[in-house]
Amino acid sequence: MSEEERKDIGDLGEFGLINHLTNDIKLTQPSSMVGIGDDAAIIKNGDLMTVVSTDMMVEGIHFSLVYSPLKHLGYKAIVTNLSDIYAMNAVPHQVTVSLAISNRFSIAALEELYEGIKRACELYKVDLIGGDTTSSNKGLIISVTAIGSAKQEDLVFRSGAKPGDIMCVSGDLGAAYLGLQILERERQLYESHPGVQPDLDQQKYLIGRQLKPEARGDVIKNFQKFNLKPTAMIDISDGLSSEVFHICHSSGVGAFVEEGKVPIHPEAEQMALKFQLDPITCALSGGEDYELLFTVDESELEKIRFMPDVFIIGDIVDKKDGITLHTTGGNIHPLKAQGWEHLKGK
Ligand code: ADP
Ligand code: MG
């Protein structure tokens, strides 16, 4: 290819790149029910559907060992994958863990990583059934694959939202991003003044949301208990706006998000102001909260009123009405799909 034809990865962005590389892939196996494009892939397995998702965490990109204890890191690597299985309204049963490690890690350090991995497997009732271990020149890379199952009729995709549906989230947003800001600030202080011990006790909630997130399997259980099937669902890994866009594009609809209804923890609100950030921007673009964003038919309003941890944040509208944010000041703006990458540079 000539220099002129060369396109940089950065021009396409993550989703553009995935699309560019995979848009000609055709599923040929009768058992491949859903391939690329949702939180997890679906394989028909007799009467049940097998649900598979994989994610990779790279040192220096997704975490820094300066402030991520290895135990938490192991825990987070499992939990973030389980979150994708729950996002299909499925239940995870197994995980595989693959590592690339450099020789700067001691056995004790890797034991700590596995302590976190085992703890998550125990709490979420999944079995670690395999993986791969290889060496890396420098950083640590952790790749986890999660496998779950669901009845076909229970599966929920990104593509099922329709105008009139109510849009909900399962918990407060923006805290994980603010936790990261605190940790980054401490890292910079530590690098310029080694020996100064940070006092992070005051910010336990925000830091906990960043370092040790939980996947909302309890919400999936509640759907069963209340006999409620969302019309569409996605987990919030990149930030609320970006996930609203994914649901809208997959479903061919628009959305109306009410700023005042987006749940933000009081500690997140205060910390945002300390960092001179707008709390709603952190909630919309922050990411890594691993809450669920889902839509339900309007006839289910009574049910969701009684379900714990359901926050109604807006409605699904016609595609022609676009994807908008109704601000507390009474204005209506187009919602911007900024993932956390956008904020990182600030
Ligand atoms: P999530 O944030 O829910 O983990 P991603 O944004 O990572 O999802 O991926 C979106 C979709 O693209 C998923 O269906 C995923 O399996 C698929 N995908 C991501 N990277 C690749 C790749 N390199 N090759 C094939 N499919 C990919
Ligand atoms: Mg996901």
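Residues numbered from 1 in each chain as written. Chains lettered and ligands numbered in written order. Predicted model: local features only at pLDDT ≥ 70, side-chain atom pairs only at ≥ 80, totals over all residues. Heavy atoms only, no water.

**Focus on the sheet that holds strand E1 (residues 32–34)**
Item 1. Strands sit in the order E1-E2-E3-E6-E4-E5 across an open sheet of six strands; the sheet is mixed. Because the sheet does not close on itself, it has two edges, and the strands there are E1 and strand E5 (127–135). Strand-to-strand twist in this sheet, taken as the mean axis angle between neighbours without regard to direction, amounts to 25 degrees.
Item 2. Both strand E3 (residues 48–58) and strand E6 (residues 141–151) contribute to a ladder of eleven bridges, which runs antiparallel. From the neighbouring strand, Val58 faces E6, where its bridge partner is Ile141.
Item 3. Helix H2 (residues 70–86) rests against E3, strand E4 (91–101) and E6 of the sheet, and its axis sits at about 145 degrees to E3.
Item 4. Here helix H3 (residues 107–123) sits on the sheet and contacts E4, E5 and E6; the angle it forms with E4, its principal contact strand, is near 170 degrees. (Pairing = 2+ DSSP bridges. Helix = DSSP H or I, 4+ residues; strand = E, 2+ residues; numbered from the N terminus. Axes fitted to C-alpha atoms, helices over the stretch in contact; angles between N-to-C directions. Contact = heavy atoms within 4.5 Å.)

**A short note on the coordination of the magnesium ion (ligand 2)**
Item 1. Taken together, the protein ligands of the magnesium ion (ligand 2) are Asp39 (OD), Asp84 (OD) and Asp235 (OD), with distances of 2.0 to 2.1 Å.
Item 2. Linear spacing of the donor residues for the magnesium ion (ligand 2) on their chain is D-x44-D-x150-D. Here Asp84, found in helix H2, pairs with Asp235, found in strand E8 (residues 232–235); they are 151 residues apart in sequence, far enough to count as distant.
Item 3. When its relative accessible area of 8% is taken as the criterion, Asp84 is described as buried.
Item 4. For Asp235, a relative accessible area of 1% corresponds to the buried category. (Donors = N, O, S within 2.8 Å, 3.2 Å for Na, K, Ca; no water. Buried < 20%, exposed > 50% of the residue type's maximum accessible area, 1.4 Å probe, protein only.)

**Structural notes on the site of ligand 1**
Item 1. Residues in contact with ligand 1, as listed here, are Glu14, Phe15, Ile18, Thr22, Ile36, Gly37, Asp38, Asp39, Asp55, Asp84, Arg158 and Ser237.
Item 2. In the environment of ligand 1, an oxygen atom lies 2.8 Å from a nitrogen or oxygen atom belonging to the backbone of Gly37.
Item 3. When residues of the shell around ligand 1 are assigned to their parent elements, the largest contribution, four residues, is made by helix H1 (residues 9–22).
Item 4. Split by residue class, the shell around ligand 1 holds three nonpolar, three polar and six charged. (Near = heavy atom within 4 Å. Polar contact = N/O pair within 3.5 Å; in protein donor to acceptor, adjacent residues only side chain to side chain. Nonpolar A, V, L, I, M, F, W, Y, C, P; charged D, E, K, R; others polar.)

**Description of the confidence of the model for the protein**
Item 1. Across the protein, the average pLDDT comes to 93, with 95% of residues at 70 or higher.
Item 2. This stretch, residues 340–346, has a pLDDT under 50; its non-local contacts, to residues over four places away or in other chains, come to eight contacts. (pLDDT = per-residue confidence, 0-100.)

**Some words on the domain arrangement of the protein**
Item 1. For the protein, the assigned domains read domain 1 (9–154) and domain 2 (158–344).
Item 2. A straight line from the C-alpha centre of domain 1 to that of domain 2 covers 21 Å.
Item 3. Residue-level contacts link 26 residues of domain 1 with 27 residues of domain 2.
Item 4. Approximately 2300 Å² of surface area, both sides summed, lies buried where domain 1 meets domain 2, with 56% of it carried by carbon and sulfur atoms.
Item 5. Looking at the side of domain 1 facing domain 2, the largest losses of area belong to Tyr67, Lys76 and Asn89, adding up to 26% of the total buried there.
Item 6. Here domain 1 and domain 2 share three salt bridges between them.
Item 7. In this structure, the connection of domain 1 to domain 2 is made through eleven residue pairs in polar contact (both at pLDDT 80 or more).
Item 8. Element by element, the count of residues in the side of domain 1 that touches domain 2 is highest for H2, at nine residues.
Item 9. Classifying every residue of the side of domain 1 that touches domain 2 by side-chain character gives 13 nonpolar, seven polar and six charged. (Domains from an automatic or database assignment. Buried area = accessible area lost by both parts, 1.4 Å probe. Salt bridge = Lys/Arg side-chain N within 4 Å of Asp/Glu carboxyl O.)

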